[in-house]
Protein chains: 2
Amino acid sequence: MDKYQEPLDTIFHALADPTRRAVVQRLVEGPAPVKELAAPYDMALPSFMKHIGVLESAGLIASQKQGRVRTCTLNPGKLAAAEKWFEEQRASWASRFDNLDNLLTSLQGETDET
Amino acid sequence: MDKYQEPLDTIFHALADPTRRAVVQRLVEGPAPVKELAAPYDMALPSFMKHIGVLESAGLIASQKQGRVRTCTLNPGKLAAAEKWFEEQRASWASRFDNLDNLLTSLQGETDET
DNA sequence: TTGATACTTATCCATGCGGCTAACTATAGT
DNA sequence: ACTATAGTTAGCCGCATGGATAAGTATCAA
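Predicted model only: the values in this text are computed from it and were never measured.

S.K.: Any chance you could explain the pattern of salt bridges here in plain terms?
M.R.: Pairing between side chains becomes possible if they bear opposite charge and their charged atoms approach one another. What the rule picks out here adds up to ten salt bridges over all chains. The partner of R21 of chain A in a salt bridge is E6 of chain B, with the nearest N and O atoms 3.6 Å apart. Separated into two different chains, R21 of chain A in helix α2 (residues 18-27) and E6 of chain B in the segment before α1 (7-15) make up a pair that spans both. Beyond isolated ion pairs, a larger network of salt bridges with shared partners links E6 and D9 of chain A together with R21 of chain B.

S.K.: Honestly, the packing of helix α5 (residues 76-94) of chain A against helix α2 (residues 18-27) of chain B in this entry has me stumped. Any pointers?
M.R.: The geometry of a pair of packed helices is captured by two quantities: the angle between their axes and the separation between those axes. Where α5 of chain A contacts α2 of chain B, the two axes come as close as 9 Å, and the packing angle between them is 30°. The angle between α5 of chain A and α2 of chain B places the two elements in the roughly parallel class. Of α2 of chain B, the residues touching α5 of chain A (which contributes W85, Q89 and W93 of chain A) are R21, V24, Q25 and L27 of chain B. The class makeup of the residues in the contact of α5 of chain A with α2 of chain B is four nonpolar, two polar and one charged.

S.K.: Looking at this structure, I do not really get the protein's contact with DNA strand D. What am I missing?
M.R.: As a matter of local geometry, DNA strand D sits amid 19 residues, with M49 and R68 of chain A together with S47, K50 and H51 of chain B nearest to it. The sugar and phosphate moieties of DNA strand D supply 63% of its atoms located within 4 Å of the protein. R68 of chain A is positioned with one of its side-chain polar atoms (N or O) 2.6 Å from a base oxygen of DNA strand D. When contributions to the surface near DNA strand D are tallied by element, the ones reaching two or more residues are α3 (34-38), α4 (45-57) and β3 (69-74) of chain A together with α4 (45-57) of chain B. Of the residues contributing to the surface near DNA strand D, the split by class is eight nonpolar, four polar and seven charged.

S.K.: What's the story with α4 of chain A in this structure? I'm lost.
M.R.: Three or four residues apart is the spacing at which side chains of an α-helix point the same way, because the helix has 3.6 residues per turn. An ideal rise of 1.5 Å per residue puts 18 Å on 13 residues; α4 of chain A measures up with 18 Å between its terminal C-alpha atoms. In the stretch just after α4 of chain A, G59 of chain A is the one whose phi turns positive, near 80°.

S.K.: Help me out: how do you make sense of the interface of chain A and chain B in this one?
M.R.: The parts lose accessible area when they come together, and the size of an interface is often stated as this lost area. Taken together, the contacts link 28 residues of chain A with 28 residues of chain B. For the pair chain A and chain B, the interface holds six salt bridges. Measuring nitrogen to oxygen at the nearest pair gives 2.6 Å for the salt bridge that ties E83 of chain B to R90 of chain A. Those elements that place two or more of their residues in the side of chain A that touches chain B are α1 (7-15), α2 and α5 of chain A. For the side of chain A that touches chain B, the element with the most residues is α5 of chain A, which contributes eleven residues. Taken together, the residues that form the side of chain A that touches chain B break down as 15 nonpolar, four polar and nine charged.

S.K.: Please explain the pairing of β3 of chain A as it appears in this structure.
M.R.: It is a general feature of regular strands that their side chains alternate between the two faces of the sheet. All names here are of chain A. Here two bridges tie strand β1 (residues 32-33) to β3, and the two strands are oriented antiparallel to one another. Paired with A32 across the two strands is C72, which belongs to β3. Across six bridges, strand β2 (residues 61-66) lies against β3 in antiparallel orientation. Considered in β3, the bridge of I61 is made with L74. The turn joining β2 and β3, which pair antiparallel and follow one another in sequence, is formed by two residues; a positive phi near 65° is taken by G67.

About the cut-offs
- Residues numbered from 1 in each chain as written.
- Chains lettered and ligands numbered in written order.
- Predicted model: local features only at pLDDT ≥ 70, side-chain atom pairs only at ≥ 80, totals over all residues.
- Heavy atoms only, no water.
- Salt bridge = Lys/Arg side-chain N within 4 Å of Asp/Glu carboxyl O.
- Helix = DSSP H or I, 4+ residues; strand = E, 2+ residues; numbered from the N terminus.
- Axes fitted to C-alpha atoms, helices over the stretch in contact; angles between N-to-C directions.
- Parallel < 35°, antiparallel > 145°, perpendicular 65-115°, else oblique.
- Contact = heavy atoms within 4.5 Å.
- Nonpolar A, V, L, I, M, F, W, Y, C, P; charged D, E, K, R; others polar.
- Near = heavy atom within 4 Å.
- Polar contact = N/O pair within 3.5 Å; in protein donor to acceptor, adjacent residues only side chain to side chain.
- Expected span 1.5 Å × (residues − 1).
- Pairing = 2+ DSSP bridges.

Honestly, it's all geometry; don't read function into it.
Set out below in C-alpha cells:
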C-alpha cells in the first residue's frame, strides 16, 4: 500500500534531520567511507546506516563497496533539484504584482484593515 | 522531553509534504483564507489545519483571524533561510579542490580504481 | 433569532521514524 | 588460521505524523 512519493518529498525529508544534513555537508568536501562519516556521532552504527540509507534512497548520495569499506559520494544534482524549487517560489513571489488585478486586490486588503 | 529542534529541521520537515508545499506555492501568489487554501484537497478540515499548523510553527507562514476567517500569508524570509543552506553547500562543492591536498587525494582515488 | 459558515477542540488510529541491541558476514592484517 | 575491522541483518521500542470523526464555538446574514 505504498503511496507514491514525489522526489521532493523524500529529498526534503532526508534533509529534515541534523545528522543527515551534516553528512551532506561533510560529503560536499569530498567522498568518505561510512566509518569516517559516522565517527562524530554518538550513535550505534546500524542507526547511522539508516541515515545513510535515507540519503541514498533520496538520491542525495551514492555509495559503493570496495572490500569491507563502503564509500559515500554526494550527488549534487539532487541538491540542485531541491534548490530549484526555492528559486521557483522566489520567482513567483517576485512577480506577484505582475498583473494589475493582484495589485489592486492587495491594496484593497491593506485599506480594509481599519 | 522535547529535544531541541533546529530551525532547518522544522522547515525542511514542513516542506517534505506535497500538500504543504502546494500551500506555500499558493501563498507565494498572495494571502488566502484557510477555506480557500483547503478547497483543492480531499481532506477533512481538521487534518488540513494540522498542515497549516506545521507550516506556521516552522515560521513559513503567518495567519491572523478576522471575524470567522483566518487569513494566511507567506513569510518569504524562512524560505530564503532554507535556500541559503543550499547555496552554502553549493559553495563548498565548488571549492572542494581549493587546496592542493584535496585535489591530489582525489586524483589518487581515481587512479587507484584499476 | 435562527441558521449557516468557518474554523476549533478533542480523541482516536495506523503507520513511519529514529533510536537501540544482538548476532551475523565478509574482508584485511598478522 | 586467528583476530580485528567494517558493515549488515533482524527484531524491538516509544513517539511523532498524517489521517479520520464528532462535537463545540464564534461570527455573519437574513
